[in-house]
Amino acid sequence: MRLFAEEKSERMKGSSKIFQRWAVAAVILVLTGQACTLSLFDPSNINFGSPATPTPGFNIATSTPYPAAQTTFTVTLPEPLLAGESVALVVLDEVTGLALNTTQYPLNPRDTLTYTGTLPLPINSVVKYRYIRTGGTGVAVEDTTYGEIVRYRLYKAAGPGEVQDIVADWSDKTYSRPTGSILGQVYNAETNAPMPNIMVTAGGIQHITDSMGRFELTGLPVGTHQLAAYSLDGLSLPFQQGAVVVENIPTIVDLRIKPTRLVNVTFYVAVPQDTVPGVPVRIAGNLLQLGNTFADLQGGLSVTTDRMPVMSLQPDGRYAITMGLPVGAHIQYKYTLGDGYWNAEHKINGGWVVRDLIVPEQDITLQDWVETWSASSDSGAILFEASIPSVTPPGDIVYIQFHTYGWTEPIPMWPLGNNRWAYKLYGPLNFMGSFSYRYCRNGQCGSADDNQTVGVSPTGRQANTSILGQDIQDVVGSWKWYENPETFALVGSNITPRTSGFVAGVEYHPFFQPNYSYFAPQAFANTKAIGSNFAVLTPSWTVSSVSPLRFATQPGDDPFWIDTAIMVSQARGVGLNVALFPTPHFPPSPDSSTPAYSQFWQNAPKDAAWWQTFFTKYRAFLVNYADLAAATGAQSIVLGGEWLTPALPAGLMPDGTSSNVPADAEAQWRAIIQDVRARFKGQIFWALPYEKSTFTNPTNFLQDVDGIYLLWSVPLAPSPTATKADFATEAGRLLDTEVAPFASLMGKPLVIAVSYPSAAGAQSGCVANGAGNCVELDALSRPNPDLTNASLNLQTQADIYEAMLTAINARSWVSGFISRGYYMPVTLQDKSTSIHGKPAADVAWYWYPRLLGTVK
């Protein structure tokens, strides 16, 4: 079947039209992010006991409700309800947290399987909702045929309307039923350019479009569904229509959504008199530029403080900010001293506040006021003050994390100077009893912790609510992985400067969290400071199912298109060349000695149909990032990787058996490389794992790339007493006897990308896991829990780096050196392969600029 949202017109030619939209969004997000780095108060003038008093006399406008449209929702259930059960539509609040501020609307039966109800929805609002079943054993939330809880469905109330939905499953039951799919592309209605970064949803299944605007909604029950397309930044208007799904026949849909323009919206807000003077007031909202991540973060939250805009303190005591917001967008927002849950504004009766704005056609000024930050007058505010170690890096930000029903997202504290930080918690404290909290660096709780509260789920420090206000004063004795930072005694070497094409840089670890983008500028500055000329970003998609193969952007786990685009711009802004190395995310391996991708290949059917789907989806993945590289001015793209070995010609599984890869694998890879080259005019490298067999019998398609990115974590010495000179000798031998003939045969630039952990045994290629096996290197990376059987050894990593650089210095045919696994958000002297803040970084700082000729 094929549905057309509008008449197809001739598609505009020229790739420049495709990417104009993200450029506008990037400007908005970068400017918003810059606001977060400003110091809004003078710590020396803070008096936590003296309330701020706004200048009297300014006008506060009251909210005017928007006219409502009567909307009828009709839902078909998978089976009749039992006696005593009922079904309800639940309207969700993504600004506070999807499960934290819900409104239930009971539905009435039309027959045993069909229920209906009519809701008054503000005209032009976008409602997020899902269905629940109550009674019997409790509350069951609808989930998909894949067994995943439905985050929400979308509907725009443009006027009176009807919505038809189908519940596929309940969270406490599983049904077998006919399913189908909706596939298609989203285009700009004015230019016909494909639209990336659009959320398309039906039946509670969501998909983020790629650079070609493609989406795929599979596992939908047969019947009529509400299909919606939603712009995460609001720069295009929402679109919706009904779509009929039939069994085993894809419904093909082309959607055309209309872009909108920006107007200036100025927010003024008066805050309560007990607000600590001058502390940052933020706006939390439902768009990307208002902190929404569209993901399930810790504690069920979706907005993150680090991505919210920060308001400016005005002379009259109010706060203000002017933002460019898209005309027609439905903005839900609140004012906060924390996030959408902690320290967010409340009604005087304790109720949650979520404000609504339909952005008008012209500039507008809003006059708001916060009634209270507290959820209850029965609990006084708690002031947390923390003294931290003097060795804390000066650019670090201390965060506080709270736990009531679970650990929630960390919140930045307020700097007082002299290694002291503070945060005043007003609410919600509408409960009596104790709760937990802890401190961490740069928002990386679970990785960069106070040594008293280490790990993903510690007990934490304890606090108790009280009618009276409290002042809790803590001392952080030391930070995990930064207790007593080690340095490295550098030894001078006679270094030969290379030609202008030599590469020296870092590859960032592919793990991603939405708050990473806040710390990216500092990471790029640090990368530049050690003398690098290249930054290798590793943007990802997530494999959420092996069969059927589902491989796409997963909010919260993968960067959005706009996130990667901004990072490329930031890296280039400090003078770094940029390469993109698209890297899949796999479900974590239960065994620390086995890489996550091994389980993926083991569980894959690997029949002809599955292989065809694999190549189709992986091609889309690479084309997406080739388009992004072209749009952002990246210099290179890196294809391949360790995980792809079974998909190469004559591919082998990790256990050495055949992967049953199709006979035309060579042609498939050549076609993929050709597609990437057609879209991206920079250099294309292939990431090739160091294996002797690949050197003696390289695949033919390597002739189609511009260079080799050799993934090197090769054993350099079996003995723990081996010296740095031994490491250099063995590295030189391997380069001369195995790599040099291959490099000569290929006749292409060859960059050595090294990965060695700062753990005992790194030089032997085996960090013992205590169970007779070797640790898989990524298992040592944060935020994975510490492997206590592995021993920290920063010196060995530094010695290996110096040995490798010494060997490369003597071999002019090597075209570059990259350090892999750099942990972007924070300095840690842990066991991982990251060199961020470790002695190995000092080695790079000495060698990189001398190899590049920038230091003599």
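Here, every reference points to the structure presented above.
Residues numbered from 1 in each chain as written. Predicted model: local features only at pLDDT ≥ 70, side-chain atom pairs only at ≥ 80, totals over all residues. Heavy atoms only, no water.

(A) Representation of the overall build of the protein chain in the model. For the protein chain, the count of helices and strands is 10 helices and 43 strands. Dimensions along the principal axes, computed over C-alpha positions, put the protein chain at roughly 75 × 65 × 50 Å. Going through the 856 residues of the protein chain one by one, you find that 59% of them count as buried. Sequence-distant contacts in the protein chain: of pairs separated by 6 or more residues, those separated by 24 or more amount to 76%. (Helix = DSSP H or I, 4+ residues; strand = E, 2+ residues; numbered from the N terminus. Buried < 20%, exposed > 50% of the residue type's maximum accessible area, 1.4 Å probe, protein only. Contact = heavy atoms within 4.5 Å.)

(B) Geometry of the packing of aromatic side chains. As enumerated under the stated definition, the model contains 56 aromatic pairs in all. Here the aromatic rings of Tyr508 and Tyr822 are separated by 5.5 Å at their centres, their planes lie at 90 degrees, and the arrangement is edge-to-face. Taken together, the residues Tyr508 in strand β34 (residues 503-508) and Tyr822 in strand β43 (residues 816-822) connect sequence positions 314 residues apart. Summarising the aromatic geometry, the rings of Trp601 and Trp610 are spaced 6.0 Å apart at their centres and angled 75 degrees between planes, so their arrangement reads as edge-to-face. When its relative accessible area of 6% is taken as the criterion, Trp610 is described as buried. (Phe/Tyr/Trp six-rings, centres within 6.5 Å; stacked < 30°, edge-to-face > 60°.)

(C) Here's a closer look at the pairing of strand β23 (residues 330-336). Along β23, 7 of the 7 residues are buried, which leaves the element largely enclosed by surrounding structure. The alternating pattern of β23 places His330, Gln332, Lys334 and Thr336 on one face and Ile331, Tyr333 and Tyr335 on the opposite face, and all of these are buried. Relative to β23, strand β20 (residues 282-285) runs antiparallel, the two being bridged by 4 bridges. Among the inter-strand pairings, Arg282 is bridged to a residue of β23, identified as Thr336. (Pairing = 2+ DSSP bridges.)

(D) Fine view of the sheet that holds strand β32 (residues 461-464). Across the sheet, which stays open at both edges, the 4 strands sit in the order β28-β27-β31-β32 with antiparallel pairing between neighbours. If you trace the sheet from one side to the other, it starts and ends with β28 (411-412) and β32, each paired once. With 2 bridges joining them, strand β27 (residues 398-403) and β28 adopt antiparallel strand pairing. Note that in β28 the partner of Ile400 across the bridge is Ile411.

(E) Quick look at the state of the cysteines. For the structure shown, the criterion picks out 2 disulfides. A disulfide bridge connects Cys440 with Cys445, and the sulfur atoms are separated by 2.0 Å. With the S-S bond torsion at -75 degrees, the cross-link from Cys440 to Cys445 turns out left-handed. The exposure class assigned to Cys445 is buried, which follows from its relative accessible area of 14%. Here Cys766 engages in a disulfide with Cys774; their sulfurs sit 1.9 Å apart. Its S-S torsion of approximately -100 degrees makes the covalent link between Cys766 and Cys774 left-handed. Taking relative accessible area as the criterion, Cys766 reaches 27% and is therefore assigned partly exposed. Here the bonded cysteines of the protein chain are numbered in sequence order, and their pairing is 1-2, 3-4. (Disulfide = S-S within 2.5 Å.)

(F) Looking closely at the pattern of salt bridges. As enumerated under the stated definition, the model contains 33 salt bridges in all. When the shortest N-O distance is used, the salt bridge between Arg355 and Asp368 registers 3.4 Å. Note that Arg355 is positioned in strand β24 (residues 355-358) and Asp368 in strand β25 (residues 364-369), a separation of 13 residues in sequence. Taken as a pair, Arg355 and Asp368 share a single burial class, namely buried. The closest approach of N and O atoms between Glu642 and Arg820, which form a salt bridge, is 2.8 Å. Residue Glu642 is found in the loop between β39 (636-640) and α6 (665-679), and its partner Arg820 is found in strand β43; the two are separated by 178 residues along the sequence. Salt bridges here are not isolated pairs; linked through shared partners, they connect Glu94, Lys128, Arg151 and Asp296. (Salt bridge = Lys/Arg side-chain N within 4 Å of Asp/Glu carboxyl O.)

(G) Layout of the packing of helix α3 (residues 561-573) against helix α5 (residues 608-632). Here α3 crosses α5 at 40 degrees, and the two axes come no closer than 10 Å. Judged by the angle between their axes, α3 and α5 are oblique. α3 and α5 meet at a crossing whose hand is right-handed. Across the interface between the two elements, Trp561, Thr564, Ala565, Val568 and Arg572 from α3 touch Asn624, Tyr625, Asp627, Leu628 and Thr632 from α5. (Axes fitted to C-alpha atoms, helices over the stretch in contact; angles between N-to-C directions. Parallel < 35°, antiparallel > 145°, perpendicular 65-115°, else oblique. Left-handed = near helix turned anticlockwise from the far one by under 90°.)

(H) Geometry of the sheet that holds strand β5 (residues 108-109). Pairing is mixed in the open sheet, where 4 strands are placed in the order β5-β6-β2-β10. This sheet does not close on itself; its edge strands, each paired only once, are β5 and β10 (161-166). Relative to β10, strand β2 (residues 68-76) runs parallel, the two sharing 6 bridges. Bridge pairing in β10 places Val75 opposite Asp165.

(I) Structural detail: the packing of helix α2 (residues 516-529) against α3. With their axes 9 Å apart at the nearest point, α2 and α3 run at an angle of 25 degrees to one another. By the angle between their directions, the pair α2 and α3 is classed as roughly parallel. Crossing of α2 over α3 shows right-handed handedness. Of α3, the residues touching α2 (which contributes Ser517, Ala520, Pro521 and Phe524) are Met567, Gln570 and Ala571. Class assignment of the residues belonging to the contact of α2 with α3 gives a composition of 5 nonpolar, 2 polar and no charged. (Nonpolar A, V, L, I, M, F, W, Y, C, P; charged D, E, K, R; others polar.)

(J) Expanded view of the nonpolar core. Core analysis: the biggest nonpolar cluster contains 113 residues, and Phe614, Trp669, Trp686, Trp712, Ile752 and Met804 have the highest contact counts within it. For this core, the element with the most residues is α5, which contributes 12 residues. When neighbours within four sequence positions are excluded, Trp669 is seen to be in contact with Phe615, Tyr618, Leu644, Ala647, Leu648, Pro649, Trp686 and Phe701. By size, the runner-up hydrophobic cluster in this structure holds 80 residues, among which are Leu301, Tyr333, Met413 and Trp414. (Core = buried A, V, L, I, M, F, W, Y, C linked by side-chain atoms within 4.5 Å.)

(K) Region of interest: the side chain of Thr266. Along the chain, the position of Thr266 falls in strand β19 (residues 262-270). Residue class for Thr266 comes out buried when judged on its relative accessible area of 14%. Residues within four places of Thr266 in sequence aside, it is in contact with Ile321, Thr322, Ile364, Thr365 and Leu366.

(L) Representation of the environment of Thr275 within the structure. Within the secondary structure, Thr275 sits in the loop between β19 and β20. For Thr275, a relative accessible area of 2% corresponds to the buried category. Along the sequence, Thr275 and Lys424 sit 149 residues apart, while their C-alpha atoms lie 9.1 Å from each other. A distance of 2.8 Å separates the side chain of Thr275 from the backbone oxygen of Pro272, its partner in a polar contact. A polar contact of 2.7 Å, which involves the side chain of Thr275, links it to the side chain of Trp373. (Polar contact = N/O pair within 3.5 Å; in protein donor to acceptor, adjacent residues only side chain to side chain.)

By themselves, these figures tell us nothing about what the structure is for.
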